[in-house]
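Below are the chains, spelled out letter by letter.
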Amino acid sequence: MVANRPERRSGLCYDLHSHSTCSDGLLSPAGLVRRAAANGVDVLALTDHDSTAGLEEAHIAAHEAGITLINGVEISVSWGDQPIHIVALGVDPGCPALAAGLARQRAIREERAIRIAERLDRLGLTGSLAGAAAHAGEAPPGRSHFARFLVEHGHARDLQRAFKRYLGRSGAAYVPCRWAALEEVLPWIQAAGGRAVVAHPVRYRMTRRRLLRFLDAFGAVGGDAIEVISGRQNADQTRAVADLARSFALYASVGSDFHAPGAGWSELGRIIPLPAGCVPVWADW
Ligand code: MN
Ligand code: MN
Ligand code: MN
């Protein structure tokens, strides 16, 4: 386990973005919770892609480990043709509007998986649908499951290269995906009693102008927060996002976006303190 304890300026250690085997993470929900607790996390949100299936198991493990688990889900949305990830925190997974919306998202993912496999077939890389499904387990196969298949069969040296060459936007097997629209998804989150958070804002490679337009649109549909501390980003990026949080009057959230132990992903609970002037998304929890 990780030796460095997270820095704590005050109070509890929050990590509000993480993945389990119920989407594209490598640890089971219970394993994830145990690792978070060992790393000093006090409040963890499990935020699998378009799925709340891991929450029940995670709650049991959190109770045993003595940490607080927040019900979360990371929802892929389309803002025009720009894909954006929205983390929903504090949702009721039983909410019918949310459950129906997530079921539709999973159907979109299944369809995309079939089309990615068709493209890979045409490139002579056969067997990818079954291969990705084997990595996905119960979850619908997503691009990272295809990436694991490609690495496993020697078609790419690592996951990054699998995305670059095949699965990413300029890859040979890229399939553009139409997720639910931003203005459709926010009401699911609101009906479920949750807060909507813009995930990893520096990862979209949007121009500043476009990001500002997006945040206007996000505010207009009742968006609540933005991840000021996210996975791997540098101090300049953190400062810039903190400024955006303040100027758009958004709450600030923090999350590792942990997927797997080891290189390539941030570690659970490695969360630096929020810059001064940010209002944490948990301020009134
Ligand atoms: Mn992921
Ligand atoms: Mn994401
Ligand atoms: Mn994520």
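The preceding data block contains the structure.
A brief report on the enclosed structure follows. Note that this is a predicted model, so its numbers are computed, not measured.

1. Focus on the packing of aromatic side chains
Across all of its chains, the model carries four aromatic pairs by this definition. When the ring of Tyr14 is compared with that of Trp282, the centres are 3.9 Å apart and the planes differ by 10 degrees; the resulting orientation is stacked. Here the residue Tyr14 occupies a position in strand β1 (residues 14-15), and Trp282 occupies one in the segment after β7 (251-255), the gap between them amounting to 268 residues. Note on Tyr14: relative accessible area 13%, which makes it buried. Residues Trp79 and Phe214 carry aromatic rings whose centres are separated by 5.3 Å and whose planes lie at 70 degrees to one another, so their mutual orientation is edge-to-face. Taken together, the residues span a long stretch of sequence, with Trp79 in strand β3 (residues 68-79) and Phe214 in helix α8 (residues 208-220) at a distance of 135 residues. An identical accessibility class is assigned to Trp79 and Phe214; each is buried.

2. Thoughts on the sheet that holds β3
Within the open sheet, the seven strands sit side by side as β1-β2-β3-β4-β5-β6-β7. Their pairing is mixed. Looking at the sheet topology across the chains shown, the edges are occupied by β1 and β7. Note that β1 and strand β2 (residues 43-46) share two bridges and pair parallel. Within β2, the position partnered with Asp15 by the bridge is Leu44.

3. Brief notes about the environment of Leu182
Along the polypeptide, Leu182 turns up in helix α7 (residues 182-191). When sequence neighbours within four positions are dropped, the list of residues in contact with Leu182 reads Val77, Ser78, Trp79, Ile86, Phe214, Ala217, Phe218 and Val221.

4. Points about the pairing of strand β4 (residues 82-89)
The element β4 is extensively covered by neighbouring structure, given that seven of its eight residues are classed as buried. Where β3 meets β4, eight bridges bridge the pair, whose relative direction is antiparallel. Residue pairing for β4: Ser76 is matched across the bridge by His85. Connecting β3 to the next strand, β4, in antiparallel fashion are two residues, including Gly80 with a positive phi near 60 degrees. Bridge count between β4 and strand β5 (residues 195-198): four bridges; the pairing is antiparallel. Paired with Val87 across the strands is Val197, a residue of β5.

Each value, and the rule that gives it
Residues numbered from 1 in each chain as written. Chains lettered and ligands numbered in written order. Predicted model: local features only at pLDDT ≥ 70, side-chain atom pairs only at ≥ 80, totals over all residues. Heavy atoms only, no water. Phe/Tyr/Trp six-rings, centres within 6.5 Å; stacked < 30°, edge-to-face > 60°. Helix = DSSP H or I, 4+ residues; strand = E, 2+ residues; numbered from the N terminus. Buried < 20%, exposed > 50% of the residue type's maximum accessible area, 1.4 Å probe, protein only. Pairing = 2+ DSSP bridges. Contact = heavy atoms within 4.5 Å.

The values are spatial; any link to function lies outside them.
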